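Summary of the model geometry
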Amino acid sequence: MASTGRAAGTKDGYRGGAQGSPADLNGRDLRATPAAFANRRLTGLCAKLAMAAGVDFSGAMLQRAIFDGADLRRADFRGCDLRGASFRNANLYFARFDG
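Values in this document were obtained by computation on a predicted structure and should not be read as measured data. (Residues numbered from 1 in each chain as written. Predicted model: local features only at pLDDT ≥ 70, side-chain atom pairs only at ≥ 80, totals over all residues. Heavy atoms only, no water.)

**Points about the overall build of the chain**
A tally of regular secondary structure across the chain gives zero helices and zero strands. The buried share of the chain, taken over its 99 residues, is 32%. Long-range contacts, defined here as pairs at least 24 residues apart, represent 2% of the contacts in the chain between residues at least 6 apart. Of the roughly 6,300 Å² of accessible surface on the chain, 48% is carried by carbon and sulfur atoms. (Helix = DSSP H or I, 4+ residues; strand = E, 2+ residues; numbered from the N terminus. Buried < 20%, exposed > 50% of the residue type's maximum accessible area, 1.4 Å probe, protein only. Contact = heavy atoms within 4.5 Å. Areas by Shrake-Rupley, 256 points an atom, 1.4 Å probe, with all protein chains shown as cover.)

**Notes on the pattern of salt bridges**
Following the criterion strictly, the structure yields five salt bridges and no others. In this structure, the salt-bridge partner of Arg 83 is Asp 81, at a minimum N-O distance of 2.6 Å. Accessibility expressed as a relative area gives 58% for Arg 83, which makes it exposed. Asp 98 is paired through a salt bridge with Arg 96; the nearest N and O atoms lie 3.1 Å apart. Accessibility expressed as a relative area gives 36% for Arg 96, which makes it partly exposed. (Salt bridge = Lys/Arg side-chain N within 4 Å of Asp/Glu carboxyl O.)

**Quick notes on the packing of aromatic side chains**
Within this structure, the stated rule accounts for nine aromatic pairs. What links up through ring pairs into an aromatic cluster is the set Phe 37, Phe 57, Phe 67, Phe 77, Phe 87 and Phe 97. (Phe/Tyr/Trp six-rings, centres within 6.5 Å; stacked < 30°, edge-to-face > 60°.)

**Comments concerning the side chain of Ser 86**
Classification of Ser 86 by relative accessible area gives buried; the value is 15%. Among the polar contacts listed, one links the side chain of Ser 86 to the side chain of Asp 68, at a separation of 2.5 Å. Those residues in contact with Ser 86 that lie beyond four places of it in its chain are Ala 65, Ile 66, Phe 67 and Asp 68. (Polar contact = N/O pair within 3.5 Å; in protein donor to acceptor, adjacent residues only side chain to side chain.)

**Regarding the nonpolar core**
Generally speaking, a soluble globular protein has its nonpolar side chains buried in company with each other. One finds Leu 30, Leu 45, Phe 57, Leu 62, Phe 67, Leu 72 and Phe 77 to be the most contacted residues of the largest nonpolar core, which totals 21 residues. Leave out the neighbours within four places in its chain, and Phe 67 touches Leu 45, Ala 47, Phe 57, Leu 62, Leu 72, Phe 77, Ser 86, Phe 87, Arg 88 and Ala 90. (Core = buried A, V, L, I, M, F, W, Y, C linked by side-chain atoms within 4.5 Å.)

Rendered as structure tokens:
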């Protein structure tokens, strides 16, 4: 059987950070699953230029996450661990960080 280069049981080889590797969501549209990231362990998440307007990241562990250039309008980061996270040139209009 020929190898497809994809991880078993995944679409297009995307593992979503499984097996200890940080999730690579660069340029992806995360709005289709707005609550999928709440209360998750997402250390080292890379979401440069991602479309995440209105996405709920509340309570997530986002240490060293990279959101550079991402659209994070109205995103919810309340209760997140954001130590070392980067938001350079991200659109944070009405994003929530309080509480």
